Amino acid sequence: MEKNFHLERARVSKILMEDMFQIKLGETVAITADSGSDSDLMNALAAAAYAAGGIPLLMWVPKAKQSGQAGMKEWPAAALEAALCKVDVWIDAQSTVMLYSDVWENAFKENKKLRYLVLGDSTIGSLERMFTGFEIPTLKALLNKVREMVMAAKKVQITSANGTDVSYEIDLNYTFDIDDGDFSMPKFGTAPGFVNICPKLGSMNGTIVFDILEGVNKDNQLTFIMEKGSITDVKGERGAADFKKYLAAFEDENMYKISHNMLGLNPGIHSITGELCEDERIWGGVDFGFGHTSAMDMPPYGQEAKSHFDGVVTNVSIYLDYIQIFDNGVVCHPDLIPLVNNLLTN
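To keep things clear, this report deals only with the structure shown in the data block. (Residues numbered from 1 in each chain as written. Predicted model: local features only at pLDDT ≥ 70, side-chain atom pairs only at ≥ 80, totals over all residues. Heavy atoms only, no water.)

Focus on the sheet that holds strand S18 (residues 323-327)
Basically, it comes down to this: Being paired, for any two strands, means DSSP has found at least two bridges between them. In this text, helices come from DSSP runs of H or I with a minimum length of four residues, and strands from runs of E with a minimum of two, each type numbered from the N-terminal end.
One open sheet accounts for eight strands, arranged S13-S12-S10-S6-S5-S17-S18-S19; its pairing is antiparallel. Two strands in the sheet have a free side with no partner beyond their single neighbour: strand S13 (230-235) and strand S19 (330-331). Strand direction decides the pairing type here: S18 and S19, joined by two bridges, are antiparallel. Among the inter-strand pairings, Asp327 is bridged to a residue of S19, identified as Val330.

Thoughts on the nonpolar core
Applied cut-off: We define a nonpolar core as any set of buried Ala, Val, Leu, Ile, Met, Phe, Trp, Tyr and Cys residues linked to one another through side-chain atoms lying within 4.5 Å. Classification of residues uses two cut-offs on accessible area relative to the type maximum, computed with a 1.4 Å probe and protein chains only: under 20% is buried, over 50% is exposed, and between them is partly exposed.
Within the largest apolar cluster, 84 residues are counted, with the highest numbers of intra-cluster contacts made by Phe131, Ile208, Phe224, Phe288, Phe290 and Ile318. The element that contributes the greatest number of residues to this core is helix H6 (residues 136-151), accounting for seven residues. By size, the runner-up hydrophobic cluster in this structure holds 23 residues, among which are Ala30, Met72, Ala77 and Val97.

Details of helix H4 (residues 102-110)
It helps to recall that an α-helix has 3.6 residues per turn; residues three or four apart then point in one direction. Here is the rule: Working definition: the arc comes from the directions between the helix axis and the C-beta atoms, pointing outward to the latter. In what follows, a contact means two residues having at least one pair of non-hydrogen atoms within 4.5 Å.
All of the buried residues along H4 are Val103, Trp104, Ala107 and Phe108. The buried residues of H4 all sit within an arc of 125° when viewed along its axis, so they share a single face. H4 presents Lys109 and Glu110 as exposed residues on the side facing more than 90 degrees away from its buried surface. Lining the buried residues of H4 we find helix H3 (77-84), strand S3 (89-92), strand S4 (115-118) and strand S8 (187-189).

Here's the deal with the packing of H6 against helix H9 (residues 337-344)
The test is simple: As a rule, the C-alpha atoms of each element are fitted with a line to give its axis, helices using only the stretch in contact, and angles between N-to-C directions run from 0 to 180 degrees. Should an angle fall under 35 degrees it is called roughly parallel, over 145 degrees roughly antiparallel, and 65 to 115 degrees roughly perpendicular, with every other angle called oblique. In a left-handed crossing the near helix is turned counterclockwise from the far helix by less than a right angle, and in a right-handed crossing that turn is clockwise.
Where H6 contacts H9, the axes come no closer than 9 Å and their chain directions differ by 155°. Here H6 is positioned roughly antiparallel relative to H9, judged by the angle of their axes. Two packed elements cross with a definite hand, and for H6 against H9 that hand is left-handed. For the pair H6 and H9, the contacting residues are Thr138, Leu139, Ala141, Leu142 and Lys145 in the first and Leu339, Val340, Asn342 and Leu343 in the second.

Re the sheet that holds strand S2 (residues 55-60)
Strand order across the open sheet formed by five strands is S2-S1-S3-S4-S8, with parallel pairing between neighbours. Edge positions in the sheet fall to S2 and S8, since each has one partner strand and no second. In this sheet, neighbouring strand axes are inclined to one another by 15° on average, regardless of whether the strands run parallel or antiparallel. Bridge analysis of S3 against S4 gives four bridges, and the strand direction is parallel.

Thoughts on the pairing of strand S10 (residues 205-209)
In summary, the side chains of a regular strand alternate between the two faces of the sheet. As paired elements, strand S6 (residues 165-169) and S10 share three bridges and run antiparallel to each other. Of the residues in S10, the one forming a bridge with Ser167 is Asn205. Examined bridge by bridge, S10 and strand S12 (residues 223-227) share four bridges and lie antiparallel to one another. Following the sheet pairing, Thr207 is matched in S12 by Ile225.

Side note on the environment of Ala79
Within the fold, Ala79 resides in helix H3. Between the alpha carbons of Ala79 and Val103 there is a distance of 9.7 Å; along the sequence they are 24 residues apart.

If you want it as structure tokens, here you go:
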């Protein structure tokens, strides 16, 4: 019998609305969902928004075959944009999300007060691991320090025992984002626990061996060969040919290009679960995203592509200009260790 998660849904929803979004009286809270969404969770989010003093707007749309720009033809885009350009908060809780679509881009372009969070089709168990069990100020302190160290570097190198060895250069013209669970100000928000970097265009070289890759069976470990910021080959005993066909079907050279690199530091996530949103934030791991990049992250034009996909490498070692900050998944830099200890013991 399926476990009843009503209390867990209510708890996560309350934390999101009251502690993280800090909903104020009369604010409009939009929640977009589709047939793949957890209807009980959607109702719990709406109820928590109302209890916090907000006005919930729950919008159900068709489930698109793919997320992002690839789903545009299946959504009532004009009506959605009209609404989302006027709300205070938007929670993108569809199973195929609008993130990086024209709806998303235009909502941010027109609605300067927008506080956005993408949840996707995360299960309630995953949401609990991502959004509970830490104090926002202590996570904020750690992530800000790591971001400061990254921005002071010129080069990032990432290695792993699985064969990953890739490096890229830093471009200070780009956005260096963190998410610590504070969504109380206008923000493009995702689940907390990472530092996000957009590598300098054309600078990534080396090998990435994914422990899990979006759209690929987790037992099919695939390897990307990166040259000048683009995938030049995909290797693996199983699944490599299919993934090459998947990429080629977009007929878009930007789908081969690196978009971003996230350094994972969510204190509640320590193993791969197969839920991508959670896995991207795994403690001591990294996420690599490819394809579309918003102009918000990579000004002034971004990197337009037909879609976006991500993959994760666990237990990495990270070097900033040859100064090591992670060692096989363990935070090892002396300036970071006290902040980690404060986070993990409170």
